[in-house]
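Residues per chain are reported as follows:
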Amino acid sequence: MPELPEVECVRQGIVDALLGQRIVKVWSHGTGNLLDPNSLPLRRMEGCELRAVARRGKYLLWNLGDLQFLAHLGMSGVWQVAGERTKHTHLELTFSTGQCLRYTDPRQFGYMCLTTAAETLPRWEQLGPDAISAQWNAAHLFAHATRSRTPIKVFLLDQHQVAGIGNIYASEALFGAHVHPARIAQSLTQLECQHIVKAAKAVMRMSIRKRGTTFSDYRLTNGKGGSFQGFLKVFQKVGTPCPNCHAPIQQMVQVGRSTFFCAKCQK
DNA sequence: CGGGCGTCCTGTTCGC
DNA sequence: TGCGAACAGGACGCCC
């Protein structure tokens, strides 16, 4: 479940290994479910130089000069410079130095789209402000939350409101802010919005420092896992004592997704 | 237009 | 022990 911190670490891994290099060969397999119907054939990347990789929320946007490449890891997508081709490898990009960047995605929830640089990308442009950017702040959250009757946990998962927060960090952020996940967004005070933004940014920045959260699928481009799973306070910790008050952590389901929280600390 | 739910997919976990 | 059912999750699209 790569969220903002994991995608940022992948971005850094790709940039560190491959920036400025030219793609000399493209191999793809079984990309039918992953590739946008409007995408150019991925072979068109051959000959392009990787000039920059931007991230907004959970999306990566590759600057390939005349072309651009938008990619999302879904929940099991992995970009690796290390490793070998497996049965779930969907794309291999060979670079001028001989290095090979592979995309594997067993559950095929990922997304990729290659277009000309001038093309508009609705998935990218319709995203809310990136969750660790200055554009997402207490004033922004309060202004938008007051218009929504959605529970705050569900609101934070809406990428059109704020980009990058997924199931793990939504639970962790609300725990850090002492706000109950079922609270209706429009009932939040300005101070609570401030606490949520502060807690969300703190937990995601710390996760980036720990190279992300690896439960099973997520891997860095070097094939290694992150270590933030060792620092989670509530996510997937049903029944364990709350780090603050020692009451057992609880689990609830909102719109089909699990939320973890402390009923005593979060109001 | 907001909000709720079904859909895609497959590895893992659960229950009989 | 083994097998099939249920489950998980991001984002879109459909529906009211």
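Here the structure is a predicted model, which means the values were calculated and not measured. (Residues numbered from 1 in each chain as written. Chains lettered and ligands numbered in written order. Predicted model: local features only at pLDDT ≥ 70, side-chain atom pairs only at ≥ 80, totals over all residues. Heavy atoms only, no water.)

Caption draft 1: Fine view of the protein's contact with DNA strand C. Of all residues adjacent to DNA strand C, which total 13 residues, the nearest are His-72, Met-75, Arg-107, Phe-109 and Arg-257. The share of sugar and phosphate among atoms of DNA strand C within 4 Å of the protein is 55%. Between DNA strand C and the protein, one listed contact pairs a phosphate oxygen with a side-chain N or O atom of Lys-58 at 3.1 Å. The side chain of Arg-257 places a nitrogen or oxygen atom 2.5 Å from a base nitrogen of DNA strand C. Residue composition of the surface near DNA strand C, grouped by class: four nonpolar, five polar and four charged. (Near = heavy atom within 4 Å. Polar contact = N/O pair within 3.5 Å; in protein donor to acceptor, adjacent residues only side chain to side chain. Nonpolar A, V, L, I, M, F, W, Y, C, P; charged D, E, K, R; others polar.)

Caption draft 2: Quick peek at the packing of helix 5 (residues 167–177) against helix 6 (residues 190–209). Here helix 5 crosses helix 6 at 125°, and the two axes come no closer than 8 Å. Looking at the two axes, helix 5 sits oblique to helix 6. Regarding helix 5 and helix 6, the two cross each other, and that crossing is right-handed. Touching Tyr-169, Glu-172, Ala-173, Leu-174, Gly-176 and Ala-177 of helix 5 are His-195, Ile-196, Ala-199, Ala-200, Val-203, Met-204 and Ser-207, all from helix 6. Residues of the contact of helix 5 with helix 6, tallied by class, amount to nine nonpolar, three polar and one charged. (Axes fitted to C-alpha atoms, helices over the stretch in contact; angles between N-to-C directions. Helix = DSSP H or I, 4+ residues; strand = E, 2+ residues; numbered from the N terminus. Parallel < 35°, antiparallel > 145°, perpendicular 65-115°, else oblique. Left-handed = near helix turned anticlockwise from the far one by under 90°. Contact = heavy atoms within 4.5 Å.)

Caption draft 3: Molecular detail of the sheet that holds strand 1 (residues 23–28). An order of 1-6-7-5 is seen for the four strands of this open sheet, with the pairing classed as antiparallel. In the strand order of this sheet, the two ends are held by strand 1 and strand 5 (78–80), each with one partner. On average, each strand axis in the sheet is inclined to that of its neighbour by 15°, with strand direction left out of account. Inspection of the sheet shows strand 6 (residues 89–95) paired to strand 7 (residues 100–104) by five bridges, in the antiparallel sense. In the sheet register, Glu-92 faces strand 7, and the bridge partner there is Arg-102. (Pairing = 2+ DSSP bridges.)

Caption draft 4: Here's a closer look at the protein's contact with DNA strand B. Every residue close to DNA strand B is listed here: Asn-33, Lys-87, His-88, Pro-106, Arg-107, Gln-108, Phe-109, Ser-148, Arg-149 and Thr-150. Near the protein, meaning within 4 Å, the atoms of DNA strand B are sugar or phosphate in a fraction of 68%, with bases accounting for the rest. Within the side chain of Asn-33, one N or O atom sits 3.0 Å away from a phosphate oxygen of DNA strand B. In the model, a phosphate oxygen of DNA strand B is placed 3.0 Å from a nitrogen or oxygen of the Gln-108 side chain. Looking at side-chain class alone, the surface near DNA strand B contains two nonpolar, five polar and three charged residues.

Caption draft 5: The packing of aromatic side chains, seen in detail. Evaluation of the coordinates by the stated rule reveals nine aromatic pairs. Measuring from centroid to centroid gives 6.5 Å for Tyr-59 and Tyr-111, while their planes differ by 80°, and the two rings are edge-to-face. Here Tyr-111 lies in strand 8 (residues 111–116) and Tyr-59 lies in strand 3 (residues 59–64), a separation of 52 residues in the sequence. On the basis of relative accessibility, which here comes to 8%, the residue Tyr-111 falls in the buried class. (Phe/Tyr/Trp six-rings, centres within 6.5 Å; stacked < 30°, edge-to-face > 60°. Buried < 20%, exposed > 50% of the residue type's maximum accessible area, 1.4 Å probe, protein only.)

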